[in-house]
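Each chain, letter by letter, is given below.
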Amino acid sequence: MANKSDNGVSKLVAYALGRGLVEPCERSWAINSLLDALGLESYTEPSVQGEALELAPILDELLDDAYARGVLGEDSVVYRDLLDTEIMGRLTPRPAQVIGKFRALYEDSPRKATDWYYAFSQDTNYIRRDRIAKDIAWKAPTPYGDLDITINLSKPEKDPKAIAAAKDLPVSAYPRCQLCAENEGYGGRVNYPARQNHRVIPITISGSPWFLQYSPYVYYNEHCICFNAQHTPMKIDRACFEKLLDFVGQFPHYFVGSNADLPIVGGSILAHDHFQGGRYTFPMELAPVEVGFSFPGFEDVEAGIVKWPLSVIRLACGEPGRLVELAHRVLQAWRGYTDESACIFAETEGEPHNTITPIARRRGEDFELDLVLRNNLTTPEHPLGLYHPHGELHHIKKENIGLIEVMGRAILPPRLKDELDAVAEGLAAGADLRASALTAPHAQWAESFRKDYVVTEENAWDIVKKETGMVFAKVLEHAGVYARNEEGREAFLRFLRSV
């Protein structure tokens, strides 16, 4: 008679067959591969065949059984992730098969290739659909249009037992970082994620070898990462602009952008050159040009200042080479630009401060390049960065403002789920927000807008969401190097005239 393990294996193989991860002729091989991963020596076919159900419950059933049998040593998220990734790795096609399928589909249509690859990356559980579904997201109206606000709940919490176990592990330099190609198929360890179910696609950008993959956390639709085949540091330069525009030439349905290449205003991984892209319309893309500008010698390039809280120059032209030339000229000018009256310093004590966050996209037949001016100057009053969220906003957002947030999508920390819920409940109840540890950090903020509303249980959460959006708009204004006023506008134009 079939037992719990047999039923779970049967269901998972049925799932893999239904998703095209294995072929019908591979069913016995798939069963035996799973038995090996689960420490099982025999299998009895269930009288009722497993159905192609949702993946997460099937894996939970197998992991619970593995823990009960002593195969899974700890019943915590880190150890469960290591085992369920190994399980799914047994059912994931080899890299050559995945690359072959992608390339065949690309010949027909780049969009068909990415549609398949994105679904595949979810079907293998590399992108965990069940965790992504936990993220909270809403649109918030602001003077800059509707901004995207998200509370990220998809990354697993730190596991104290795994942290303790990791202290006893020898130091490892393999894989060199979480972007390197050698992550593909890696078995993981308690302080490093398993990647047996991970597959990357080789691509060529501007004549150099790169890879394409999706982010396992998917902060927006089809959130992809393309990364240099070499472990080389991030660098914003002429070649970067060429690569971005080449990428959207090859994948015209995707945007692509790069984090800046300096601390504070850069991304979390500066040591490995990479871009982020995908099929999503960010609020910044919808923002109009509010002040047109013509660069001498580039009259064929449409240019101007974007109506956006950060300081953004938008360039558009049907010829990508012209955008590269002008973007490089803007970058060179900005790297060395100082305007003390606007508190912009190219360097202090030999430390460079000016850089750019670039974003490329197609708009019809044209190529478009947004250049976001960044500066990482710190001051005694603002030790985390002058052009960084200031202290009064840290109750909502303290972390660096990277590419995704530059474009208008807030990635807020998990703590805010409970804290903002408590603020809404406290406002509806007329409670003292300073009396609770959950609401005290937000009390001054909430009290500042409480008088503007008649707060009820029914509307309290909507009010908190709206006001959180306004805070994020202010966060982005703080990250802008030019103030959103006449004085700031004139200072911005002074720079453009200097290019």
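Everything discussed here concerns the structure shown above.
This is a predicted model, so every value here is computed, not measured. (Residues numbered from 1 in each chain as written. Predicted model: local features only at pLDDT ≥ 70, side-chain atom pairs only at ≥ 80, totals over all residues. Heavy atoms only, no water.)

Enquirer: Got a minute to help me understand the pairing of strand β5 (residues 224-228) in this structure?
Expert: In regular strands, side chains alternate between the two faces of the sheet. Among the five residues in β5, five count as buried, and that is most of the element. With five bridges connecting them, strand β4 (residues 208-214) and β5 associate as antiparallel partners. Residue pairing in the sheet places Leu212 in a bridge with Cys226 of β5. In this structure, β5 lies alongside strand β7 (residues 274-278), joined through four bridges in antiparallel fashion. (Buried < 20%, exposed > 50% of the residue type's maximum accessible area, 1.4 Å probe, protein only. Helix = DSSP H or I, 4+ residues; strand = E, 2+ residues; numbered from the N terminus. Pairing = 2+ DSSP bridges.)

Enquirer: How do you make sense of the pattern of salt bridges when you look at a structure like this?
Expert: Between side chains of opposite charge, a pair can form when the charged atoms approach closely. All chains considered together, the criterion is met by 38 salt bridges. Between Arg19 and Asp123 there is a salt bridge, with its nearest N and O atoms 3.4 Å apart. Of this pair, Arg19 sits in the loop between α1 (4-18) and α2 (27-37) while Asp123 sits in helix α6 (residues 110-123); the two residues are 104 residues apart in sequence, bridging distant segments of the chain. The class for Arg19 is partly exposed, based on a relative accessible area of 41%. The residue Glu222 makes a salt bridge to Arg279 at a minimum N-O spacing of 2.7 Å. Here the residue Glu222 occupies a position in the loop between β4 and β5, and Arg279 occupies one in the loop between β7 and α10 (283-286), the gap between them amounting to 57 residues. Residue class for Glu222 comes out buried when judged on its relative accessible area of 4%. Shared partners join several salt bridges into a network, and the residues in it are Glu285, Arg314, Arg361, Arg363, Glu368 and Asp370. (Salt bridge = Lys/Arg side-chain N within 4 Å of Asp/Glu carboxyl O.)

Enquirer: What is the right way to read empty space enclosed by the protein from this model?
Expert: Rolled over the atoms, a probe sized like a water molecule indicates the empty space that remains. As enumerated under the stated definition, the model contains two cavities of 30 Å³ or more in all. By volume, the largest cavity amounts to about 100 Å³. Lining the largest cavity are 15 residues, and of these Ile305, Tyr482, Ala483, Arg484 and Phe492 sit closest to its centre. Counting residues per element, the lining of the largest cavity draws most heavily on helix α16 (residues 486-498), which supplies three residues. Class assignment for the residues of the lining of the largest cavity results in nine nonpolar, three polar and three charged. Approximately 30 Å³ is the volume found for the second largest cavity. In terms of lining, the second largest cavity is formed by Tyr117, Phe120, Ser121, Thr124, Tyr126, Asn197, His198, Arg199 and Tyr214. By residue number, the principal contributor to the lining of the second largest cavity is α6, which donates three residues. (1 Å grid on protein atoms, 1.4 Å probe; cavity = no way out; pocket = protein on both sides within 12 Å on 5 of 7 lines; lining within 4 Å. Points joined across faces, edges and corners; volume = space filled by probe spheres on them. Nonpolar A, V, L, I, M, F, W, Y, C, P; charged D, E, K, R; others polar.)

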